[in-house]
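Architecture at a glance
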Amino acid sequence: MNKERRIQQQSPVEAEIPLLPQEILVEILSRLPVKSLCQFRCVSKQWLSLISDPLLAKSHLKKTVCNDCFYSQRKRVIISSHNLYSLEYESIGRNGSFDENLVALELDYPLKDKPNGLAELLDSARDGFLYCERSEEGNDEFPVMVKLNLPFCVNQRNWVDILGSCNGLVCIAPDEDTLFLFNPSTRESKRIPDPPSGFVPNGWSFYGFGYDFVNDDYKVVKVGCGTVCVYSLRTDSWRIVCSFPYVDNVSESGVLLNGTIHWMVSFEDGVDCRCVVAAFSLEEEVFSDMPAPDIVNTSFEFVVGVLNGCLCVLHSRNQMHNDFWVMTEYGVGKSWTKLTLSLSYICMKPLCLAQNREALLDVDGKLLLYNLEDDSYKYLVVDGIPAGDGFEADTYLETLVSPNGFCRT
């Protein structure tokens, strides 16, 4: 009896990692989904240390990118609509069809529950109404109270801007001029410090985000008031790199392709103004010009996208259109090819090719699958996202890449 009591009082033995060579363990773990690996972190300190190792994160990422099966399994669509949601890539267009009831998973992200200004305003309501002072006929001495009947169904969360996605990290702005690098799979995040005062004056800014392969560094590019500054995750700091050599009227975040961030811009050439695709190299941190399609005569009405590894130029506002252009050979202006669709759009963003090789598109705030061979299309219904708010979308990979895994050098 005493022996049994002593056995029961012994503390549980911590699970140990099997005695296998390091490279074998990494090879095994890199084949597992991120969700399982995150659960394994809780098994023991040894498992936590191994799974948190940046070497495993790199091996896992490489396996994801190089293996079509893993790539398909680990790809996700991220949707912003006063909240962030994740949608499984494999559930879209599976087996030549699609699930009519796609289900979006609500994500936890930084500043999710921070109320916006409207929430604070509604909190001040009395008897279900808001009141404000208004002067009649310029008589400021005797203002009158006006009752405002505002709808209380208005979403009280801030809109979350998605500024870019790369290797499982998503650059988001859950509040005005407040940037985070966020891994939706591991829920890790890092607040990007504000640029030093004087780097970029207050005013309209636009961004780009991507990975510098040569220097093994994730970078955020901010452009505003003619100044270009770059944030380095490896050094956790901002630097001014150059002046913006184009007309400063860009309204969209840059698009990442081949280690380069692209924007549609206007370029002043003497008395004329022509449009080009501005290509900012994350390695060299310099701009180069790429030719735009001949039809593009004003950069403000066009945006850049990526579809199946090819650069695209699309209409972005004002009128309905049914065409866009694809650069079939990167950097070669003569390779721009016009594609005509069987539907019209005002704003469109290509997201990816689905399982059946149909294009997944964000068209005027709705998701649809478009068959580029027979010009048929079908809208997707996604459960779990409130209707009527509209949304923006992007894609990301489920990876172990940590926004906190880079040390200052």
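Look above for the structure.
Below: a short report on this structure. (Residues numbered from 1 in each chain as written. Predicted model: local features only at pLDDT ≥ 70, side-chain atom pairs only at ≥ 80, totals over all residues. Heavy atoms only, no water.)

Topic: the environment of Asp175
The condition that has to hold: Secondary structure elements are taken from DSSP: a helix is a run of H or I of four residues or more, a strand is a run of E of two residues or more, and numbering for both begins at the N terminus. Between two residues, a contact is recorded if the distance between any of their heavy atoms is within 4.5 Å.
One can find Asp175 in strand S8 (residues 169-175). Along the chain, Asp175 and Asn158 lie 17 residues apart, while their C-alpha atoms are 6.5 Å from each other. With residues near it in sequence (within four places) discarded, Asp175 still touches Leu111, Lys114 and Asn158.

Here we look at the sheet that holds strand S14 (residues 237-243)
The following threshold applies: Note on pairing: DSSP must find at least two bridges between two strands before they are called paired. Only the stretch in contact is used when a helix axis is fitted, and all axes are lines through C-alpha atoms; the angle between N-to-C directions ranges over 0 to 180 degrees.
Pairing within the open sheet is antiparallel, and its four strands lie in the order S11-S12-S13-S14. Either end of the sheet is taken by a strand with one partner, and the two such strands are strand S11 (205-212) and S14. Averaged over all pairs of adjacent strands, the angle between strand axes in this sheet comes to 25°, irrespective of strand direction. Relative to S14, strand S13 (residues 227-232) is paired through six bridges, and the arrangement is antiparallel. Across the sheet, the residue bridging to Val230 is Arg239, located in S14.

A closer look at helix H2 (residues 22-29)
Applied cut-off: Here's how the labels work: a residue is buried when its accessible area is under 20% of the maximum for its type, exposed when over 50%, partly exposed in between, all with a 1.4 Å probe on protein chains only. Taking the helix axis as origin, the arc is that swept by the directions to the C-beta atoms.
Looking only at H2, the buried set comprises Leu25, Val26 and Leu29. Seen end-on, H2 carries its buried residues on one side only, within an arc spanning 100°. Buried positions along H2 lie against helix H3 (34-40), helix H4 (45-51) and helix H5 (54-66).

Topic: the nonpolar core
Operational definition: Put simply, buried Ala, Val, Leu, Ile, Met, Phe, Trp, Tyr and Cys residues joined by side-chain atoms within 4.5 Å make one nonpolar core.
Judged by nonpolar contacts, the single largest core of 21 residues is most densely connected at Ile192, Phe209, Tyr218 and Val220. Sorting the residues of this core by element identifies strand S7 (161-166), S8, strand S9 (178-183), S11, strand S12 (217-224) and S13 as the ones contributing at least two each. Those residues in contact with Ile192 that lie beyond four places of it in its chain are Cys171, Leu179, Phe180, Leu181, Val220, Tyr231 and Trp238. Counting residues in hydrophobic clusters, the runner-up holds 19 residues, among them Tyr85, Leu87, Phe391 and Ala393.

Re H5
The criterion, for reference: Take the number of residues in a helix, subtract one, and multiply by 1.5 Å to get its expected span. In the analysis that follows, any N or O atom pair within 3.5 Å is treated as a polar contact, provided that within protein one partner can donate a hydrogen and the other can accept it, and provided that, for residues neighboring in sequence, both atoms belong to side chains.
Here H5 contains 13 residues, and its C-alpha end-to-end distance of 18 Å stays within 8% of the 18 Å for a straight helix at 1.5 Å per residue. Of all the positions in H5, only Leu56, Ala57, His60, Leu61, Lys63 and Thr64 are classed as buried. Viewed along the axis of H5, the buried residues span an arc of 160°, placing them on a single side of the element. Of the exposed residues in H5, those oriented more than 90 degrees away from the buried face are Leu55, Lys62 and Cys66. In the core, the buried residues of H5 are packed alongside H2, H3, H4, helix H6 (68-74), S12 and strand S28 (392-397). Its side-chain oxygen 2.9 Å from the backbone nitrogen of Leu55, Asp53 forms the N-cap of H5.

A word on a nonpolar patch on the surface
Here is the rule: What goes into a patch is any residue over 30% in relative accessible area without a salt bridge, connected to like charges within 9 Å or, for nonpolar side chains (Val, Leu, Ile, Met, Phe, Trp, Tyr), within 5 Å. The method behind every accessible area is Shrake-Rupley, applied with a 1.4 Å probe, and residues are considered shielded solely by the protein chains displayed. In the sections that follow, a salt bridge refers to a side-chain nitrogen of Lys or Arg positioned within 4 Å of a carboxyl oxygen of Asp or Glu.
There is a patch of nonpolar side chains on the surface, built from Leu20, Ile24 and Ile28 and spanning about 240 Å² of accessible area. Among the secondary structure elements, Ile24 is positioned in helix H2. Overall, the relative accessible area of 39% leaves Ile24 in the partly exposed class.

Examining the packing of H2 against H5
The test is simple: Any angle that is under 35 degrees is reported as roughly parallel, and any over 145 degrees as roughly antiparallel; angles of 65 to 115 degrees are reported as roughly perpendicular and all others as oblique. Crossings are classed by handedness, with left-handed meaning an anticlockwise turn of the near helix from the far one by less than a right angle and right-handed meaning a clockwise turn. Three classes are used: nonpolar for Ala, Val, Leu, Ile, Met, Phe, Trp, Tyr, Cys and Pro, charged for Asp, Glu, Lys and Arg, and polar for all others, with Gly counted as polar.
As a packed pair, H2 and H5 sit with axes 9 Å apart at the nearest point and diverge in direction by 50°. In this view, H2 runs oblique relative to H5, as classed from their interaxial angle. The two elements H2 and H5 meet at a crossing, and its hand is right-handed. The segment H2 lies against H5, with Val26, Glu27 and Leu29 engaging Leu56, Ser59, His60 and Lys63. When its residues are assigned to classes, the contact of H2 with H5 shows three nonpolar, two polar and two charged.

Focus: unusual backbone geometry
Located in the positive-phi region is Asp177, a residue other than glycine, with phi close to 55°. Secondary-structure assignment places Asp177 in the loop between S8 and S9.

A few points about the sheet that holds strand S1 (residues 75-80)
On the basis of which strands lie adjacent, the open sheet formed by four strands has the order S4-S2-S1-S28 and antiparallel pairing. The strands lining the two open edges of the sheet, one partner per strand, are strand S4 (105-106) and S28.

A short note on the packing of aromatic side chains
Our working definition: Working definition: a ring pair exists when centres of Phe, Tyr or Trp rings (six-membered ring for Trp) sit within 6.5 Å. Plane angles under 30 degrees give stacked, over 60 give edge-to-face, the rest tilted. We call a charge positioned over a ring when the NZ of a Lys or the CZ of an Arg lies within 6 Å of the ring centre and within 35 degrees of the ring normal.
Counted according to the given criterion, the structure contains 16 aromatic pairs. When the ring of Phe244 is compared with that of Phe287, the centres are 5.6 Å apart and the planes differ by 75°; the resulting orientation is edge-to-face. Here the residue Phe244 occupies a position in the loop between S14 and strand S15 (255-257), and Phe287 occupies one in strand S18 (residues 287-291), the gap between them amounting to 43 residues. Comparing Phe244 with Phe287 shows no difference in burial state: the two are buried. With a centroid separation of 6.1 Å and an interplanar angle of 5°, the aromatic rings of Tyr370 and Tyr377 are classed as stacked. Among the aromatic residues, ring-to-ring pairing joins Phe206, Phe244, Tyr246, Trp263, Phe267, Phe280 and Phe287 into one connected group. Between Arg74 and the ring centre of Phe70, over which it is positioned, the NZ or CZ distance is 4.4 Å. Just above the ring of Tyr379 sits the side chain of Lys366; from NZ or CZ to the centre is 5.8 Å.

Keep in mind these numbers describe shape, not what the thing actually does.
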